[in-house]
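# Analysis of the macromolecular model
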Amino acid sequence: MFINKRKQQELIKKQFGRNPLHDSYHYMRKDRIKLIAKYHDEVGEGTVDDITWNDLEMDDVFFRINHTRSYVGEQVLYHRLHCTDAEEAEGFGDTVSFYENNETERVKAEELLMGLGKRNDCYYMPQLIHILAGYEFKFAWAYRILQALLFLFLILGIVLHSSEFMLAFLGVAGINMFIYMREKSQSEHMMDCLYGICSLINVCEKLLKSKCTPDFPGNEVIREDISRLHSIRRMSGSLISKRKYATVDPQGALAMYIMGITLFDLVSFNKIVRTIRGNEKAVMDLYAFAGAVDSGISVASFRKSLPIHCYPNFIDTGTIIADDIYHPLIENAVPNDVILHSGSMIMGANASGKSTFMKALAVNAILAQSIFTCCGARAEFPKSTVMTSMAVRDDVTTGESYYVREVKYLKRMLDESQKKGCVLYFIDEILKGTNNKERLAASEAVLRYLCKKSGMVIVSTHDSELAERLSDEYEGYHFDSRLTDKGIHFDYRIKSGFGEGTNAIDLLSCYDFPKEVVETARKTLKDQNIA
């Protein structure tokens with residue numbers, strides 16, 4: 001046991017600070033997002049809407065951060081990344097710093113959280129707990145009678161050496177097993193939910209007793225919640241041990257048979273359901289507590305895995321100031337320094353880095369206000385909601401065209417601009433799904449409208465005419481590219497000014513398009529410029 005414990009601790013220490021995307025764990029599979037999102041779906045949508053989340057590929061960002069040891073931590077971390085609240089993020093940052101600076105406490109906490117694990121059925125607990133009371137067995141009193149008869153006939157049969165009593169014992173055992181299998185098949189998810197609740201209470205109690213959590217005032221509330229659920233705590237030890245034992249071969253079948261004929265699970269189920277009824281909030285408090293510990297450790301590991309990171313500074317003005325800012329998903333990313341004001345328009349050639357830079361800013365604005373961590377040397381953001389219109393696609397299922405989808409994306413931004421509070425709007429290639437004249441007119445109108453509202457607009461475009469029309473309200477920035485003997489060179493550095501030049505035709509040449517196609521395209525472009 002000591003050797004196993006030591007090896008586990010060594011593994012925990014070794015994995016801390018590693019990029020989790022480099023490890024092929026089962027729980028890193030993207031098809032598990034629907035399970036992970038169950039807690040987020042139950043407690044609320046947060047401030048990062050689905051369009052922004054998908055535009056910024058935040059599922060991938062989540063997995064980049066996800067060093068969690070339990071399903072609880074995984075679900076709470078996923079939800080936290082949807083919620084941008086600067087004050088709450090700063091408080092969470094204290095938890096992260098605690099685990100950055102206290103290795104002994106961190107390792108102990110990770111050991112305890114690993115006891116919760118990441119069993120698929122446990123992810124449903126936040127949804128099941130609110131309907132748990134409806135699954136209380138109506139004839140629980142009859143189970144007690146059957147339990148008493150079972151033990152009575154067994155004792156009498158042994159003491160009196162009576163075959164009649166032993167037959168009666170076997171008859172009651174058969175009835176109990178039938179009842180157990182029937183009820184278990186109808187309430188299996190709920191029984192697994194209770195198993196998860198019992199484990200959660202034990203882990204939370206051990207986290208507090210071992211003093212491996214930050215000593216914050218909220219811990220007293222958790223102690224009160226554990227006390228409120230004291231009857232579950234008394235029952236949980238035997239219930240958990242029996243259910244764990246029932247999954248181990250070859251004794252597993254015997255353990256399950258014993259639980260069946262004694263109706264142990266069913267009686268314990270009823271007791272725990274009665275205790276939980278009216279105390280659902282206390283259970284969810286424990287859920288959030290354990291999740292905060294696990295996600296705090298996960299973010300501490302994320303910070304250590306980064307080449308450079310900083311704590312954000314929140315400012316009241318509509319300004320973004322960033323030094324060496326980069327995207328967390330890009331290995332060996334080129335960092336950028338920038339100061340942006342209320343309206344910023346970014347130009348540049350294809351593949352020069354415009355969209356990636358905008359995503360880096362948007363992702364870091366979310367990380368700043370959710371986990372109090374930024375990828376860069378310095379990051380100052382206004383307290384804000386982040387909204388994007390970037391990865392627009394046709395929707396085959398609804399029959400909506402690219403343009404219709406983008407109009408809907410922009411409309412939600414205009415609706416949000418009517419509310420109080422600062423919003424960071426990130427728009428990539430605005431209204432490119434329609435003809436040039438209408439695109440220019442509509443784009444100009446939308447961007448002028450948003451620029452007058454509370455917040456900041458960062459928009460990318462290839463259109464020099466649009467940039468010229470809005471130069472009085474939008475500051476210009478650009479990314480360069482140049483054609484060399486080895487192809488097109490990008491430095492991925494943002495520069496002041498709108499810049500000039502595109503590389504669409506150069507890219508045709510670099511990718512070995514027929515010479516005739518490239519020359520025809522260049523001649524057509526030259527003729528248009530002369531005209």
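Residues numbered from 1 in each chain as written. Predicted model: local features only at pLDDT ≥ 70, side-chain atom pairs only at ≥ 80, totals over all residues. Heavy atoms only, no water.

## Examining the overall build of the protein
Worth spelling out the cut-off: In DSSP terms, a helix is any run of H or I states spanning at least four residues, a strand is any run of E spanning at least two, and both are numbered starting from the N terminus. Type-normalised accessible area, obtained with a 1.4 Å probe on protein chains alone, sets the label of each residue: buried when under 20%, exposed when over 50%, and partly exposed for intermediate values. Residue contacts are defined here by distance: any two heavy atoms, one from each residue, within 4.5 Å place the two residues in contact. Residue exposure ignores everything except the shown protein chains as possible cover, and the areas themselves are Shrake-Rupley values with a 1.4 Å probe.
A tally of helices and strands in the protein yields 22 helices and ten strands. Per-residue burial for the protein yields a buried fraction of 51% across its 531 residues. Partitioning the contacts of the protein with sequence separation of at least 6, the portion at a separation of at least 24 is 77%. In the structure as shown, the protein presents an accessible area of about 25,700 Å², 55% of it carried by carbon and sulfur atoms.

## Observations concerning helix H12 (residues 218-228)
This is how it is decided: Each C-beta atom gives one direction from the helix axis, and the arc is the one those directions make.
Asn219, Ile222, Asp225 and Ile226 are the residues of H12 that are buried. Within H12, the buried residues cover an arc of 110° as seen down the axis, which keeps them to one side.

## Structural notes on the pairing of strand E2 (residues 320-325)
Condition: What makes two strands pair is DSSP finding at least two bridges between them.
Across four bridges, the pairing between E2 and strand E3 (residues 336-340) is antiparallel. Bridge pairing in E3 places Ile321 opposite Ile339. In this structure, E2 lies alongside strand E5 (residues 378-382), joined through three bridges in antiparallel fashion. The partner of Ile321 across the bridge, within E5, is Glu380.

## Considerations on the sheet that holds strand E1 (residues 313-315)
We apply this condition: Here the axes come from fitting lines to C-alpha atoms, over the contacting stretch only for helices, and the angles between their N-to-C directions go from 0 to 180 degrees.
Overall, mixed pairing links the four strands, which are arranged E1-E5-E2-E3 in an open sheet. The outermost strands of the open sheet, each flanked by one partner alone, are E1 and E3. Neighbouring strand axes in the sheet, compared pairwise and without regard to direction, differ in orientation by 20° on average. Set on the sheet, helix H17 (residues 354-371) makes contact with E1, E2, E3 and E5; between it and E5 the angle comes to about 75°.

## Regarding a nonpolar patch on the surface
Definition in use: Residues enter a patch when their relative accessible area is above 30% and they make no salt bridge; the linking distance is 9 Å between like charges and 5 Å between nonpolar side chains (Val, Leu, Ile, Met, Phe, Trp, Tyr). Put simply, a salt bridge is a Lys or Arg side-chain nitrogen that is within 4 Å of an Asp or Glu carboxyl oxygen.
A surface patch of nonpolar side chains, amounting to about 510 Å² of accessible area, comprises Phe151, Ile155, Ile158, Val159 and Leu160. Locating Ile158 in the fold gives a position in helix H10 (residues 140-160). When its relative accessible area of 52% is taken as the criterion, Ile158 is described as exposed.

## With respect to unusual backbone geometry
The phi angle at Lys211 is positive, at roughly 55°, despite the residue not being glycine. Secondary-structure assignment places Lys211 in the loop between helix H11 (163-209) and H12. Here Phe372, not a glycine, exhibits a phi torsion of approximately 50°, which is positive. Within the secondary structure layout, Phe372 lies in the loop between H17 and E5.

## Quick word on a negative patch on the surface
Worth spelling out the cut-off: We count Lys and Arg on the positive side and Asp and Glu on the negative side, and we leave His and both chain ends out. Throughout, a charge is located at the NZ atom of Lys, the CZ atom of Arg, the CG atom of Asp or the CD atom of Glu.
Judged by side-chain charge, Asp41, Glu42, Glu45 and Asp50 come together as a negatively charged surface patch. Looking at the element boundaries, Glu45 is found in the loop between helix H3 (38-43) and helix H4 (50-55). The exposed category is assigned to Glu45, whose relative accessible area is 68%.

## Section: the packing of aromatic side chains
Put simply, the test is: Only the six-membered ring of Trp is used, alongside the rings of Phe and Tyr, when aromatic pairs are assigned; centres must lie within 6.5 Å, and planes under 30 degrees apart are stacked while those over 60 apart are edge-to-face, with the rest tilted. To sit over a ring, a charge needs its Lys NZ or Arg CZ within 6 Å of the ring centre and within 35 degrees of the ring normal.
Applying the stated criterion across every chain yields a total of eleven aromatic pairs. Against the face of Phe16 rests Arg106, its NZ or CZ located 3.7 Å from the ring centre.

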